[in-house]
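# Examination of the molecular architecture
Here is what each chain is made of, one letter per residue.
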Amino acid sequence: SNLKSGVKDAMKKDNDEVLAGKIAYSPSTSCKPAGVPAYLLQPGVLYFVQTPKEVVMIQSYDSQVRHIYLDVPHSAKVKTSWYGESVGHYEGDTLVIDTTGLSNQTFVDAYRTPHSDELHVIERWKLTQEGKGLEVTITVDDPETYYQPWKAVLRYRRTPGAVLEAICAENNQQFDYHMPVAKDPDF
C-alpha cells in the first residue's frame, strides 16, 4: 500500500466507527467545500470561465467555485484554505495547475483518505476528441500521507447547457450528516 501506517490506522478507526453506526462524513454531505482533488470527483457539470489573469472553475454541484490565477508564482507564505492556492500556466495547449495550502479538513478522494498540510496537487488539463472532450492528469504528493506520489486521469465530455444551481443547505433531503433538521414538522 502507498499509505503510511498512521494514515491507514486513522482510516481503519474511522471505518470501524462507520460500521458501528457512525454516519460516514464527507465535506459535500455537510455542504462544505470538497477541496482538491476531491472537487473533481463531485457529481454534476464542471464549467470553465477564463480571463487573461485567471481561470474560474464552477462546479454545478452546490455551485462550488475555484479560482486559478495565471502566470503568477505561489505566495511566499500560502494561507491554508478549503481550495488552497492554485496557480496555473499554459504549456502549449495544456493548462497546468499547481495547488498547495489545502486545508486538512478535506479529503483526497471518495474513500475519505485524509491528508496533511503538505498536500501538493498538480493538474494537467487538455482538450481531447477535437474539443469534445477534456482530460486531466492529476498528480498527488503528500510525504506525510503517501510513500510516493500517485497519478490519476479523469475524462470529461462536453455537454451543452447553462450553469444550473444546486443549493446544498436548502435541499437537505439528499444529505444525512450535520444538516439542521426539525424534529417535528411545523404543519
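Just above, that's the structure.
A brief look at the structure comes next.

### Some details on the environment of T106
Structurally, T106 is set in the loop between β5 (94-100) and β6 (120-128). When its relative accessible area of 0% is taken as the criterion, T106 is described as buried. From its side chain, T106 meets the backbone oxygen of S103 in a polar contact 3.1 Å long. Here H115 takes part through its side chain, which lies 3.0 Å from a polar atom of the side chain of T106.

### Observations concerning the sheet that holds β6
If you walk across this open sheet you meet the 8 strands as β1-β2-β3-β4-β5-β6-β7-β8, and the pairing is mixed. Each end of this open sheet is capped by a strand with a single partner; those strands are β1 (46-50) and β8 (150-157). Taken pair by pair, the neighbouring strands of this sheet meet at an average axis angle of 25°, ignoring direction. Two strands pair when backbone bridges link them, and strand β2 (residues 54-59) and strand β3 (residues 64-70) are joined in this way by 6 bridges, in the antiparallel orientation. If you follow Q59 over to β3, its bridge partner there is Q64.

### Some details on the pairing of β1
Looking down a regular strand, the side chains alternate between one sheet face and the other. As paired strands, β1 and β2 are joined by 5 bridges and run antiparallel to one another. In the sheet register, Q50 faces β2, and the bridge partner there is V55. As consecutive antiparallel partners, β1 and β2 are separated by 3 residues.

### Re helix α1 (residues 5-19)
Taking 1.5 Å as the rise per residue, α1 with 15 residues should run 21 Å; its terminal C-alpha atoms sit 21 Å apart, in good agreement. Residues of α1 that are buried: V7, M11 and D14. Down the axis of α1, the buried side of the element spans an arc of 65°, and every buried residue falls inside it. With respect to the buried face of α1, the exposed residues turned more than 90 degrees away are D9, K12, K13 and L19.

Parameters and conventions
- Residues numbered from 1 in each chain as written.
- Predicted model: local features only at pLDDT ≥ 70, side-chain atom pairs only at ≥ 80, totals over all residues.
- Heavy atoms only, no water.
- Helix = DSSP H or I, 4+ residues; strand = E, 2+ residues; numbered from the N terminus.
- Buried < 20%, exposed > 50% of the residue type's maximum accessible area, 1.4 Å probe, protein only.
- Polar contact = N/O pair within 3.5 Å; in protein donor to acceptor, adjacent residues only side chain to side chain.
- Pairing = 2+ DSSP bridges.
- Axes fitted to C-alpha atoms, helices over the stretch in contact; angles between N-to-C directions.
- Expected span 1.5 Å × (residues − 1).
- Arc of directions from axis to C-beta.

Limitation: the analysis is restricted to geometry and does not speak to function.
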